[in-house]
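Residues per chain, in single letters:
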Amino acid sequence: MSDRQPPRRRVPGPARPARPGAGQRPGPGARPARRPGPPRPGAPKTIRLGSPRPRLRLIGVALTLVLLAFVVRLFQVQAVNAGTYAAKAEQNRYVGQVLAAERGEITDRNGVALATSEDAYDITADPTMFTRDELKIADGPEQAAALLAPILGRDQDELVGKLRPENEALRYVKLAGRQTPQVWKQIKDLKSALAKKAEGDESAANVLAGVFSVPTSKRVYPNNELAAGILGWVNAEGRGGGGIELQLDKRLTGKDGKIRYAQSGGRLVPTAGGSTETPAVPGSDIELTIDRDIQWAAQNAISRQVEESAADRGYVIVQDTRTGEVLAMANAPGFDPNDLSGAEPEALGNAAVQDAFEPGSTAKVLSMAAVLEENAATPGTHVVVPNRLHRGDRLFKDDIDHPTWYLTLNGVLAKSSNIGTILATGQLGRTQAQANRVLYDYLRKFGLGSHTGLGFPGETKGILAPPDTWSTSQQYTIPFGQGVSVNAMQAASVYSTIANGGVRVEPTLVRGSKGPDGRFTPAPEPERTRVVSEKTAKTLARMLESVVDDEEGTGTKARIPGYRVAGKTGTANRVDPATGKYRGYTSSFAGFAPADKPRITVYCVIQNATEGSYFGGQICGPVYKQVMEFALKTLQVPPTGAEPAALPVTFKP
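Residues numbered from 1 in each chain as written. Predicted model: local features only at pLDDT ≥ 70, side-chain atom pairs only at ≥ 80, totals over all residues. Heavy atoms only, no water.

If you check an unreviewed UniProt entry, the chain appears there as Cell division protein FtsI from Streptomyces prasinosporus. If you open the UniProt record of the chain and go to Sequence similarities (unreviewed entry), you find "Belongs to the transpeptidase family." According to its UniProt record, the chain has this under Subcellular location (unreviewed entry): "Membrane". (UniProt positions renumbered as here; feature names shortened; annotations may be inferred.)

Shown next, in the form of structure tokens:
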């Protein structure tokens, strides 16, 4: 046997189906296969399906671009401009309003309310809720304005302008401020009625759906005209418009709060997140030095006399001589700060500190103070007073023609002699120029030509020219109160200085304030200045008694039974504010009581009396008496029981 293996036989695999004609050769006589060629004319067309791949690619690219645009926009909204769009969303959803702080009260020295605040509402609107798209009507603002105008007392066209503003995105307008609760209730009831009607009738629109209210307060003056010149008023914006309301506006106003709440369809959404509130801080209460009852007596007395005298105006000041506190400051005519629509423009303000006028003979006490303090004369010094006195380029006279008077210095003051005063002040220096400078210094010490210290809005400091500019006339008229101007508070302070032993206490109107925490803070102590010696002040007080007590004095109508009264009359030529020329008279009376233990100063002025007497002693003396009597009783000031000084008025030549 052979070792070689037999050859491996190839085993055929499974047969594959042959393609038609594949591997076959044409047999003899067979036609060769025809290659496809262009269709013959008239032969039917063969429809072949195109490849879908290009179309799918195009659709894919388009979808990719669209998705990419969405992604870019989404990135822009949520990342790049996220804050802007969030703010716009909140602006449409959230509404912010100011919470007005309650204004502080103003009271008198005893806590009696002179100015207070009551609950009120600001009527507001959201203009976007009055559009055609919102109400489905074109005249929504007009219908709403027609309903609101008679309730709010506003012009209908004005309301339409607010409800259809130029800025279409405006969400808040104030239609009327500080309306009573009754007004808001009327609007709210009408708003509810329209809402019910709209629910039952799809064609009806609630044209007041966008009207809202904001709680606030309204300023009220319970005593109407009483002390209006001091208090002032509050304007439509809730800010002080005059007087103490203006002077202490920041302390009275407090600090407004804020509220931010979600809303939908004009309704508050209390449970929505994002609502915030910052409470308002109330203003401080202000306590004045005024006594309401004394203020009433002063205002009643001056108003009656101004009416009887057919005068332009008048004012009365009552001051505590020891503390400088003003107990009353009354003006006539006055005004009602609750309703300024009926007030005369010239009556607004506080004429007692805003009017500058020539005081006349009440200023002679200043000349006498200088003469006594400089030891130029004594109350008993003899002064021969002729009927006329030639000085400079003028001939001076007294208010009445008279034979030569033989007066003491006390008599010069008691009889209010202009000539006697010129002669007495001429002794203040070796020359008239020196005398002028000495007198000027005393006028300044008493407060003339300077603000009183009240800090009152619009207060005048009067007119006091430097002595080297005094004209030939002024250097002789200023000693008896012409050619120099003061306000009533300045003049009252002069007499309080004498009553207080020669020490000037800066006048005050405010005793202190009470903050929101209830703590009372007293006002700063007023400035005190020694003007003349106590001896001079007491001598002047005795001399002023002669004006009232002596039968030859000009102030006998100011006598008060049981009390010693010191005072001085004044009748000055008046400068007409309209023309700047002298026309009419300024009538006045100033004094204090008890004369030997002073407690109260009263100063009265009447401008341009046109009926009856115009002499200060005749028309202001009775006002002084009435007000002083009431003040003494109110403050329970007893008479001293001492006899009057009875200084001599005349002497025998």
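Structure shown, so let's carry the discussion forward.
Q: Describe the overall build of the chain, listing the residues and the values that go with them.
A: The helix and strand tally for the chain stands at 20 helices and 24 strands. The buried share of the chain, reckoned over its 653 residues, is 46%. The contacts of the chain with a sequence gap of at least 6 include a subset with a gap of at least 24, amounting to 72%. Summed over all atoms, the accessible surface of the chain reaches about 34900 Å², with 52% contributed by carbon and sulfur. (Helix = DSSP H or I, 4+ residues; strand = E, 2+ residues; numbered from the N terminus. Buried < 20%, exposed > 50% of the residue type's maximum accessible area, 1.4 Å probe, protein only. Contact = heavy atoms within 4.5 Å. Areas by Shrake-Rupley, 256 points an atom, 1.4 Å probe, with all protein chains shown as cover.)

Q: Summarise the sheet that holds strand 13 (residues 326–332); cite the residues concerned and give the values.
A: In spatial order, the strands read 13-12-24-23-22; together these five strands make up an open sheet with antiparallel pairing. Every other strand in the sheet has two partners, leaving strand 13 and strand 22 (566–575) as the edge strands with one partner each. Adjacent strand axes in the sheet meet at a mean angle of 10°, parallel and antiparallel pairs treated alike. Across nine bridges, the pairing between strand 22 and strand 23 (residues 582–593) is antiparallel. Residue pairing across strands places Lys568 opposite Ala590, the latter belonging to strand 23. (Pairing = 2+ DSSP bridges. Axes fitted to C-alpha atoms, helices over the stretch in contact; angles between N-to-C directions.)

Q: Summarise the nonpolar core; cite the residues concerned and give the values.
A: Counting residues in each nonpolar core, the largest one holds 90 residues, and the members touching the most others are Leu288 and Met329. With eight residues, helix 17 (residues 488–499) is the single largest residue contributor to this core. Residues in contact with Leu288, not counting those within four places in the same chain, are Ile106, Thr107, Asp108, Arg109, Leu114, Ile230, Leu231, Ile244, Leu509, Val510 and Arg511. Residues Ala298, Ile606, Cys620 and Val637 belong to the second largest nonpolar core, which totals 32 residues. (Core = buried A, V, L, I, M, F, W, Y, C linked by side-chain atoms within 4.5 Å.)

Q: Explain the environment of Leu395 to me, and be specific about the residues and the numbers.
A: Among the secondary structure elements, Leu395 is positioned in strand 16 (residues 394–397). Residues Leu395 and Ser473, 78 residues apart in the sequence, show an inter-C-alpha distance of 9.9 Å. Sequence-distant contacts of Leu395, that is, excluding residues within four places in its chain, are made with Arg388, Leu389 and His390.

Q: Lay out the state of the cysteines with the relevant residues and their values.
A: As used here, a disulfide is simply a covalent bond connecting the sulfur atoms of two cysteines. Enumeration according to the criterion identifies zero disulfides in this entry. Free cysteine Cys604: the closest other cysteine sulfur is in Cys620, separated by 3.2 Å. Under the relative-accessibility criterion, Cys604 is labelled buried at 0%. For Cys620, a relative accessible area of 0% corresponds to the buried category. (Disulfide = S-S within 2.5 Å.)

Q: Summarise empty space enclosed by the protein; cite the residues concerned and give the values.
A: Taken as a whole, this structure holds three cavities of 30 Å³ or more when the rule is applied. Every residue lining the largest cavity is listed: Pro359, Thr362, Ala363, Leu366, Leu448, Val486, Gln490, Ala491, Val494 and Tyr495. Of all the elements, helix 17 adds the most residues to the lining of the largest cavity, at four residues. (1 Å grid on protein atoms, 1.4 Å probe; cavity = no way out; pocket = protein on both sides within 12 Å on 5 of 7 lines; lining within 4 Å. Points joined across faces, edges and corners; volume = space filled by probe spheres on them.)

Q: Which residues make up the packing of helix 4 (residues 140–152) against helix 6 (residues 181–200), and what are the values?
A: Between helix 4 and helix 6, whose axes approach to 10 Å, the crossing angle comes to 160°. Classified by the angle their axes make, helix 4 and helix 6 are roughly antiparallel. Here helix 4 and helix 6 pass one another in a crossing that is right-handed. Here Leu147, Leu148, Ile151 and Leu152 of helix 4 come into contact with helix 6, specifically with Val183, Gln186, Ile187, Leu190 and Leu194. Class assignment for the residues of the contact of helix 4 with helix 6 results in eight nonpolar, one polar and no charged. (Parallel < 35°, antiparallel > 145°, perpendicular 65-115°, else oblique. Left-handed = near helix turned anticlockwise from the far one by under 90°. Nonpolar A, V, L, I, M, F, W, Y, C, P; charged D, E, K, R; others polar.)

Q: Any details on the pattern of salt bridges? Residues and values, ideally.
A: Within this structure, the stated rule accounts for 23 salt bridges. Between Lys162 and Glu158 there is a salt bridge, with the nearest N and O atoms lying 3.7 Å from each other. One end of the pair, Lys162, and the other, Glu158, are both in helix 5 (residues 156–163), four residues apart, so they sit about a helical turn from each other. Relative accessible area serves as the criterion here: at 24%, Lys162 is assigned to the partly exposed category. Residue class for Glu158 comes out partly exposed when judged on its relative accessible area of 37%. One salt bridge connects Asp355 with Arg313, and the closest N-O pair in it is separated by 3.0 Å. Of the two residues, Asp355 sits in the loop between helix 11 (351–354) and helix 12 (364–373) while Arg313 sits in strand 12 (residues 313–320), which places them 42 residues apart along the sequence. Judged by relative accessible area, Arg313 falls into the buried class, the value being 18%. (Salt bridge = Lys/Arg side-chain N within 4 Å of Asp/Glu carboxyl O.)

Q: Can you lay out the confidence of the model for the chain for me, pointing to particular residues and giving the numbers?
A: When pLDDT is averaged across the chain, the result is 87; 87% of the residues are at 70 or more. A low-confidence stretch, residues 1–5 stays under pLDDT 50, and its non-local contacts, those more than four residues away or across chains, total zero contacts. Below a pLDDT of 50 lies the segment residues 20–24, which in the model reaches zero contacts outside its immediate sequence neighbourhood of four places, other chains included. (pLDDT = per-residue confidence, 0-100.)

Q: Break down the packing of aromatic side chains for me, with residues and values.
A: Counted by the stated rule, this structure contains eleven aromatic pairs. Ring centres 4.8 Å apart and planes at 25° place the aromatic pair Tyr614 and Phe615 in the stacked group. Among the residues examined, Tyr614 registers a relative accessible area of 28% and is labelled partly exposed. The exposure class of Phe615 is partly exposed, given its relative accessible area of 31%. Feature note: the residues Phe396, Tyr476 and Phe480 constitute an aromatic cluster, connected by ring pairs. Seen from the ring of Trp405, Lys415 lies directly overhead, with NZ or CZ sitting 4.6 Å from the centre. (Phe/Tyr/Trp six-rings, centres within 6.5 Å; stacked < 30°, edge-to-face > 60°. Lys NZ or Arg CZ within 6 Å of the ring centre and 35° of its normal.)

Q: Break down the UniProt feature "transmembrane region" (unreviewed entry) in the chain for me, with residues and values.
A: Within this numbering scheme, the UniProt entry marks residues 56–75 as carrying the feature "transmembrane region" (unreviewed entry). Each end of residues 56–75 is marked by a C-alpha atom, and these two atoms are 28 Å apart; helix forms 100% of the span and strand 0%.

Q: Let's hear about a nonpolar patch on the surface: which residues, and what values?
A: There is a patch of nonpolar side chains on the surface, built from Val61, Leu65, Leu68 and Val72 and spanning about 370 Å² of accessible area. As for its position among the elements, Val72 is in helix 1 (residues 53–80). Note on Val72: relative accessible area 49%, which makes it partly exposed. (Patch = residues over 30% accessible without salt bridge, like charges linked within 9 Å, V, L, I, M, F, W, Y side chains within 5 Å.)

Q: Quick rundown of the side chain of Asp398? Include the residues and the values.
A: By the secondary structure assignment, Asp398 is in the loop between strand 16 and strand 17 (405–408). A distance of 2.6 Å separates the side chain of Asp398 from the backbone nitrogen of Asn418, its partner in a polar contact. Not counting residues up to four positions away in its chain, the partners in contact with Asp398 are Val385, Trp405, Ser417, Asn418 and Ile419. (Polar contact = N/O pair within 3.5 Å; in protein donor to acceptor, adjacent residues only side chain to side chain.)

Q: So what's going on with unusual backbone geometry? Which residues, and what values?
A: A cis amide bond, omega -5°, links Ala332 with the succeeding residue Pro333. Cis peptide bonds are those with omega within 30 degrees of zero, and the linkage from Ala593 to Pro594 qualifies with -20°. Following the sequence through the fold, Pro594 ends up in the loop between strand 23 and strand 24 (600–607). If you check the backbone angles, Ala227 has positive phi at about 60° while not being a glycine. Here Ala227 lies in the loop between strand 5 (211–220) and helix 7 (228–231). In this model, Asn608 sits at a positive phi of 60°, which is unusual for a non-glycine residue.

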